[in-house]
Amino acid sequence: MSMDRREFLKIAGSSTFLATIGIGAGWILSRPGEFLEASQFLQTKELLKAKQWAMVVDMRKLKTEEDYKKVIDACHRIHNVPNFDNPKDEVKWIWLDTFEHAFPGQESEFMPEQMKHKPFVLLCNHCENPPCVRVCPTKATFKRKDGITMQDLHRCIGCRYCMAACPFGARSFNYRDPRPAIKEPNPEYPTRMIGVVEKCTFCEERLAKGQMPACVEASNGALVFGDISDPNSEVRKILNTNYTIRRKAELGTRPVVYYILDIPTSVVPGGEGNV
Amino acid sequence: MFEKALVGSKRYWTWVIVLLAVIGIGFITYLQQFKLGLGITGLSRDVSWGLYIGQFTFLVGVAASAVMLVIPYYLHDFKKFGKIVILGEFLAVSAVTMCILFIFVDMGQPMRIMNVILHPTPNSIMFWDSVVLGGYLGLNIIIGWATLHADKKGTRPAAWVKPLIYLSIPWAISIHTVTAFLYAGLPGRHFWLSAIMAARFLASAFAGGPALLIILALIVRKFTKFDPGKEAIQAIGKIVTYAMIANVFFLLLEIFTAAYSSIPGHTHPFKYLYFGLEGHARLVPLMWASSILAIVSIVLLVFPSIRKNESMLALACIALFVSLWIDKGFGLIIGGFVPNMFEKVTEYWPTLPETIITISVWAVGFLILTILYKVAVSVREETAGIELEH
Amino acid sequence: MYDTGKIIFGIVIFVLFATFPFYSNIGKVSAKPEPKLDTPVIQQLAEKKCVESKEFMKVEHMQLLNEWRDSAIREGRRVYINSEGKEFKISLQNTCMNCHSNKKEFCDKCHNYAAVKPYCWTCHIEPKEKQL
Ligand code: SF4
Ligand code: SF4
Ligand code: SF4
């Protein structure tokens, strides 16, 4: 043989390398583009549109345990959110926690009892400058044109970088198969699989049908949803006339879920007359 | 050259088979994790990164530390590192491989790993981390192999290797800087949100990596005819000393800022790690062990008279390595998650399957290291008589 | 070159191993799959036609589904206008499976034959099929 071993290995090695690149490139290029000329993809006619969807949670209107339960169940039932009954594997899109945990650093020893113990409704803040989107290495988490921070569960690799990055604990990872932990699956909505991260989607699938988010619908007016960039929207009207706070606004993620505190009227001087 | 790895003493083969057995057990355990999900680890909604990512972080440092031999040897012509530099480069290869494996076993959907390349996302630090790690692995394989090849023939490495070697220096710094940026840019994780993160990472890397290298060099000398050189080992000892002191200094800076400002977000993780928070104190003994070992290692290292004694040096290096392993491979990650975003404490402890998988990834690293060192040592043993003319 | 014998032996082993599926299947005939279309919803259709032609769907349904997926999730476009101008709601679970409510007799038939295991149904809930 005229070729010595080294030379053979070199040629073999480089041709394998080139072939790999070739196959890879061929595969990427052959992925479907516009493969059916005449077909089109459109938005639904009913789709509710906005520049930045936002929510106001009016704590004054959430009174009984039943009020809270309705809101949370509405979301978790239609979205097939599993219930594992243990905090380690827990998955939640919308949940409750007290003031000191929802707004750490804002609490004081002497705040009204009612505020100290009354649970706040927490969910993804659909931040305008979301760190979860910034860190995601695959664009599985991304910002939609209408301001919703969306999850592409087909693309998520489960690296959980977004969970480290979200300052609001809004994200849940599927540590276990969620299917067995869903009591009555909603046949119209998918479940998730092991190893992906999920969270509230501001009910984008309902917005596409012209419906308000499920939690808003179930809240008896305590949760208000609307376009924060529209000065005439209901959320803007509420924000203009009420003192509202946001979770950890100092971090600059620009959350768009606002809270109206339930301050007992008796402690506000002249309280009754100020609504 | 590779055939050198296929002939060896009984001891060599026993070691290889032991490693393979450990890898096998780990692989079976991983299949279990693959099927059931990461629920079989100790990770939770609150502490979503743990042992795996900690090992990854620690090993990036080990990989980067090869530069501590490359700089003196190639930039300052420090000839005494002539024989040992290859050990550093091959250690880097094995460490980066372990890094990649740890990322892989940590992923929820590992089969989709190509998504990082199919949908490149320059705003994600993790994207850049995979780019620099991949590049560094390639660089070290090429450089190590080319220099070894040259050694075998008793010549200098080919001219094209030099630029790659120079490139590998800033590249090594970059892998650990980018890894620090993974953590240091996250709003709301006060423990990590610190400008000194990257510097601290590099300092601990330049202490821990070379310390491991000293231990390895001593082992190699004990079991083979290859002698990396007494003076080379002593010189690395000095590097380890300075780097470790810098590392402890940086840690103290962090502690000062947290303690003196006494801002809750900054103090709580330290309190949790060193004293326990709200009655949760699982990591306290470990963190104190790390501190004590750090002090012991520094005491043994700073006095030249003690350091000159090779068994004391080995002892110091082991203490230092364990100390840094606890601090960076464990405490640093967990501290970022405790307390959680709601100022509540959820503790983390690795489970048995998680530990087995971790050990077996280390076994893969050791297997690669063993094979590469075997090749290097065999080549060097053959050419032992020939003086290297670099 | 040395070790020629060993190398040839190795190559023979490799070739035998790599072609295992072929000779191990010699003599076994698998029936061509015939996916069933007789679901109640399809029976009711005036024109029995999928979102695109049968030939296209046969070959390209996975690409079409990928396009649907990206369109719905990433662009928020949940309506598909096919090449004949007909409109469909983009949804595997609610559109495709509404007609093809017989997953076992339809999807699985070919998928099993081709030995592919698409993992659509780990998330998308499959239609409840009457146990016969
Ligand atoms: S709340 Fe968290 S998950 Fe939601 S957009 Fe903000 S950072 Fe992302
Ligand atoms: S876990 Fe998924 S969504 Fe989160 S950062 Fe990783 S790929 Fe993105
Ligand atoms: S907006 Fe929709 S997804 Fe989000 S919490 Fe409410 S119901 Fe759940």
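Above this note sits the structure.
Here is a short report on the structure shown in this document.

Section: the overall build of chain A
Along the backbone of chain A there are nine helices and eleven strands. Residue burial in chain A is summarised as follows: out of 275 residues, 53% are buried. Residue pairs at least 24 apart in sequence account for 64% of intrachain contacts in chain A once pairs closer than 6 positions are excluded. In the form shown here, chain A has an accessible surface area of approximately 13,500 Å², with 56% of it arising from carbon and sulfur atoms.

Points about the site of ligand 3
The immediate surroundings of ligand 3 are formed by Cys75, His79, Trp93, Ile94, Leu123, Cys200, Thr201, Phe202, Cys203, Pro213, Ala214 and Cys215 of chain A. For the shell around ligand 3, the residue count by class is ten nonpolar, two polar and no charged.

Examining the environment of Phe223 of chain B
Residues and elements named next belong to chain B. Residue position: Phe223 is located in helix H8 (residues 197–223). For Phe223, a relative accessible area of 44% translates into the label partly exposed. Taking C-alpha positions, Phe223 is 29 Å from Tyr242, a pair spaced 19 residues apart along the chain.

What about the sheet that holds strand S2 (residues 53–58) of chain A?
All names here are of chain A. With mixed pairing, four strands are arranged side by side in an open sheet as S9-S2-S11-S10. Strands with a single pairing partner mark the edges of an open sheet, and in this sheet they are strand S9 (223–227) and strand S10 (244–245). Bridge count between S2 and S9: five bridges; the pairing is antiparallel. The partner of Met55 across the bridge, within S9, is Phe225.

Overview of the packing of helix H2 (residues 51–64) of chain B against helix H13 (residues 310–337) of chain B
Residue and element names in this part refer to chain B. H13 packs onto H2 with a crossing angle of 130° between their chain directions and a minimal axis gap of 8 Å. Our classification of the angle between H2 and H13 gives oblique. You can see that H2 and H13 cross each other, and the crossing is right-handed. Across the interface between the two elements, Leu51, Ile53, Gly54, Gln55, Thr57, Phe58 and Gly61 of H2 pack against Phe321, Leu324, Trp325, Lys328, Gly329, Phe330, Leu332 and Ile333 of H13.

Description of the site of ligand 2
Close contacts around ligand 2 come from 13 residues, with Cys136, Cys156, Cys159, Arg160 and Cys162 of chain A the closest. Among the residues forming the shell around ligand 2, the class breakdown is eight nonpolar, four polar and one charged.

Observations regarding the packing of aromatic side chains
All names here are of chain B. Under the criterion given, the structure shown has 36 aromatic pairs over all chains. When the ring of Tyr12 is compared with that of Trp13, the centres are 5.3 Å apart and the planes differ by 70°; the resulting orientation is edge-to-face. In this structure Tyr12 comes out as buried when scored by relative accessible area, which is 9%. With a relative accessible area of 31%, Trp13 lands in the partly exposed category.

Notes on the pairing of S2 of chain A
All names here are of chain A. Of all the six residues making up S2, six are buried; the element is thus mostly covered by neighbouring parts of the structure. Neither face of S2 is open: one carries Trp53, Met55 and Val57, the other Ala54, Val56 and Asp58, and all of them are buried. Bridge count for S2 against strand S11 (residues 257–260) is four bridges, and the pairing is parallel. Within the sheet, the bridge partner assigned to Asp58 lies in S11 and is Ile260.

Things to note about the interface of chain A and chain C
With 37 residues of chain A in contact, the opposing surface of chain C contributes 31 residues. Of the roughly 3,000 Å² buried where chain A meets chain C, counting both sides, 59% is carbon and sulfur surface. With its nearest N and O atoms 3.5 Å apart, the salt bridge here joins Glu87 of chain C to Lys45 of chain A. If you look at where chain A meets chain C, you find 15 residue pairs in polar contact (both at pLDDT 80 or more). Counting only elements with at least two residues in the side of chain A that touches chain C, the list comes to strand S1 (40–42), strand S6 (149–151) and helix H7 (204–207) of chain A. Ranked by residue count, the leading element in the side of chain A that touches chain C is S1 of chain A, at three residues. Considering only residue class, the side of chain A that touches chain C consists of 16 nonpolar, ten polar and eleven charged. Of the pairings in the sheet, the one linking S1 of chain A to strand S1 (residues 79–81) of chain C comprises three bridges and is antiparallel in character. Bridging across to S1 of chain C, Leu42 of chain A finds its partner in Val79 of chain C.

Regarding a nonpolar patch on the surface
All names here are of chain B. Taken together, Ile245, Ile295, Val299, Val302 and Phe303 make up a surface patch of nonpolar side chains, about 420 Å² in accessible area. Looking at which element gives the most residues to the nonpolar patch, the answer is helix H11 (residues 284–302), with three residues. Relative to the assigned elements, Val302 resides in helix H11.

A look at empty space enclosed by the protein
Per the counting criterion, the structure on display carries 13 cavities of 30 Å³ or more. Approximately 110 Å³ is the volume found for the largest cavity. Contributing to the lining of the largest cavity are 13 residues, with Met163 and Gly169 of chain A together with Arg45, Arg189 and Met341 of chain B lying nearest its centre. Each residue belonging to the lining of the largest cavity can be placed in one class, and the counts come to six nonpolar, three polar and four charged.

A word on helix H4 (residues 85–106) of chain B
Side chains three or four residues apart in an α-helix point the same way, a direct result of the helix having 3.6 residues per turn. With 22 residues, H4 of chain B should reach 32 Å at 1.5 Å per residue; the first-to-last C-alpha distance of 32 Å fits that figure. The element H4 of chain B is largely enclosed, with a buried count of 17 among its 22 residues.

Topic: the interface of chain B and chain A
The interface is formed by 43 residues belonging to chain B together with 51 residues belonging to chain A. Taken together, the two surfaces of chain B and chain A that pack against each other cover about 3,800 Å², and 54% of this comes from carbon and sulfur. The salt bridge involving Asp97 of chain A is made with Lys344 of chain B; its shortest N-O contact spans 2.8 Å. Where chain B packs against chain A, one counts 32 residue pairs in polar contact (both at pLDDT 80 or more).

Describing the side chain of Gln52 of chain A
All names here are of chain A. Within the fold, Gln52 resides in the loop between S1 and S2. Gln52 sits in the buried class, given a relative accessible area of 8%. A polar side-chain atom of Gln52 sits 3.2 Å from the main-chain carbonyl oxygen of Gly147. Gln52 has contacts with His126, Glu128, Lys143, Asp146, Gly147, Gly226, Asp227, Ile228, Ser229 and Val256, leaving out every residue within four places of it along the chain.

Definitions and limits used
- Residues numbered from 1 in each chain as written.
- Chains lettered and ligands numbered in written order.
- Predicted model: local features only at pLDDT ≥ 70, side-chain atom pairs only at ≥ 80, totals over all residues.
- Heavy atoms only, no water.
- Helix = DSSP H or I, 4+ residues; strand = E, 2+ residues; numbered from the N terminus.
- Buried < 20%, exposed > 50% of the residue type's maximum accessible area, 1.4 Å probe, protein only.
- Contact = heavy atoms within 4.5 Å.
- Areas by Shrake-Rupley, 256 points an atom, 1.4 Å probe, with all protein chains shown as cover.
- Near = heavy atom within 4 Å.
- Nonpolar A, V, L, I, M, F, W, Y, C, P; charged D, E, K, R; others polar.
- Pairing = 2+ DSSP bridges.
- Axes fitted to C-alpha atoms, helices over the stretch in contact; angles between N-to-C directions.
- Parallel < 35°, antiparallel > 145°, perpendicular 65-115°, else oblique.
- Left-handed = near helix turned anticlockwise from the far one by under 90°.
- Phe/Tyr/Trp six-rings, centres within 6.5 Å; stacked < 30°, edge-to-face > 60°.
- Buried area = accessible area lost by both parts, 1.4 Å probe.
- Salt bridge = Lys/Arg side-chain N within 4 Å of Asp/Glu carboxyl O.
- Polar contact = N/O pair within 3.5 Å; in protein donor to acceptor, adjacent residues only side chain to side chain.
- Patch = residues over 30% accessible without salt bridge, like charges linked within 9 Å, V, L, I, M, F, W, Y side chains within 5 Å.
- 1 Å grid on protein atoms, 1.4 Å probe; cavity = no way out; pocket = protein on both sides within 12 Å on 5 of 7 lines; lining within 4 Å.
- Points joined across faces, edges and corners; volume = space filled by probe spheres on them.
- Expected span 1.5 Å × (residues − 1).

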